[in-house]
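An overview of the molecular structure
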Amino acid sequence: MRRRTFALATAAGTALLAAAALPATAQPTAPTAAANAASRPGVTEGSVSAADLLAKVTNCSQISNGKYRTDEETSATVPVCGKKNAVFWKADMDIDCDGQVTAKCNKDTDPWFQDDTRYHQSDGKPLNAEKLPYVVVPSVSGIWNFESAGIKGGGVVAIIYKNKVEYAVVGDTGPEKIIGEASYAAAKGLGIDPDPATGGAESGVTYILFKNSKASPIESHSEAVSRGEALAKKFLQEN
């Protein structure tokens, strides 16, 4: 879990302003989205729109016993909210580069780098944050127990940011009191600056986690997209 100072958060805001000036990428349709999303910034995956998903999470029925901080310096303002067969929260996005050592994710590029993730690939190796979109959930605490809520390692997540939808998996766990973090690849796919030291988004990110779901193998992003679109359609019907 990133533990940014205010200085780093300010740098992230500057980077976001620059990113916002870039032209939007045209929305692809499946299976093009599944095949190309990881390599193209600003992609909307599948046919379910960000607007339709966001319309279902306008109100929060809080299921957490308290609220989370988005960074160490901030106050606790983010609840975990319940929906039928899903949970969601609205927060920032800090960048997680933990897992396999790559050109973009290593101890030189990431001041907080750790060479492991809570959940591993089918071959036993840590996840690859540079290539795989994954989300970090807060470790089990008195605030909220993600496992008891039906959220699993490899569980499918829809991340929404600035009218873009990206499907990811639950790949790592972070501090007990902080929420709002995803992998380098997840940020890049949404057009967010993925730099683990200064990147991220300060707000405006919605995470919808589908209960009792799982992409298998966990390292297959195309599997997350395929399952994610089906789960998103079901989510719209049920809520």
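This write-up is about the structure you can find in this document. (Residues numbered from 1 in each chain as written. Predicted model: local features only at pLDDT ≥ 70, side-chain atom pairs only at ≥ 80, totals over all residues. Heavy atoms only, no water.)

1. What to know about the pattern of salt bridges
Worth spelling out the cut-off: When a carboxyl oxygen of Asp or Glu is within 4 Å of a side-chain nitrogen of Lys or Arg, the pair counts as a salt bridge. A run of H or I in DSSP becomes a helix once it reaches four residues, and a run of E becomes a strand once it reaches two; helices and strands are each numbered from the N terminus.
One pass over the structure, following the stated rule, counts 4 salt bridges. Two residues, Glu229 and Lys233, come together in a salt bridge whose shortest N-O distance is 3.9 Å. Separated by 4 residues within a single helix, Glu229 and Lys233 lie in helix α5 (residues 221-238), roughly one turn from each other. For Glu238, the salt bridge goes to Lys234, with nearest N and O atoms at 4.0 Å. One end of the pair, Glu238, and the other, Lys234, are both in helix α5, 4 residues apart, so they sit about a helical turn from each other.

2. Notes on the state of the cysteines
Heads up, the rule is: Pairs of cysteine sulfur atoms within 2.5 Å are what we label disulfides. Note on exposure labels: buried denotes an accessible area under 20% of the residue type's maximum, exposed denotes more than 50%, and partly exposed covers the range between, all computed with a 1.4 Å probe on protein chains only.
By the definition in use, this model includes 2 disulfides. A sulfur-sulfur separation of 2.0 Å characterises the disulfide bridge that pairs Cys60 with Cys81. With the S-S dihedral at roughly -100 degrees, the linkage between Cys60 and Cys81 falls on the left-handed side. Taken together, the residues Cys60 in the loop between α3 (50-55) and β1 (81-83) and Cys81 in strand β1 connect sequence positions 21 residues apart. Note on Cys60: relative accessible area 40%, which makes it partly exposed. One disulfide bridge connects Cys97 with Cys105, the sulfur atoms lying 2.0 Å from each other. Disulfide Cys97-Cys105: the torsion about the S-S bond is -60 degrees, which places it as left-handed. Like Cys97, the residue Cys105 is buried in the burial classification. Disulfides within the protein link the bonded cysteines, taken in sequence order, as 1-2, 3-4.

3. Considerations on the pairing of strand β3 (residues 134-138)
Regular strands have side chains that alternate between both faces of the sheet. Here is the rule we go by: At least two bridges found by DSSP between two strands are what make those strands a pair.
Within β3, 5 of the 5 residues are buried, which leaves it mostly tucked inside the rest of the structure. Burial along β3 is two-sided: the residues Tyr134, Val136 and Pro138 and Val135 and Val137 are all buried. In terms of strand pairing, β3 meets strand β5 (residues 164-174) through 5 bridges, oriented parallel. Bridge assignment links Val136 to a residue of β5, and that residue is Asp172. Bridge count for β3 against strand β6 (residues 181-183) is 2 bridges, and the pairing is antiparallel. If you follow Val136 over to β6, its bridge partner there is Glu181.

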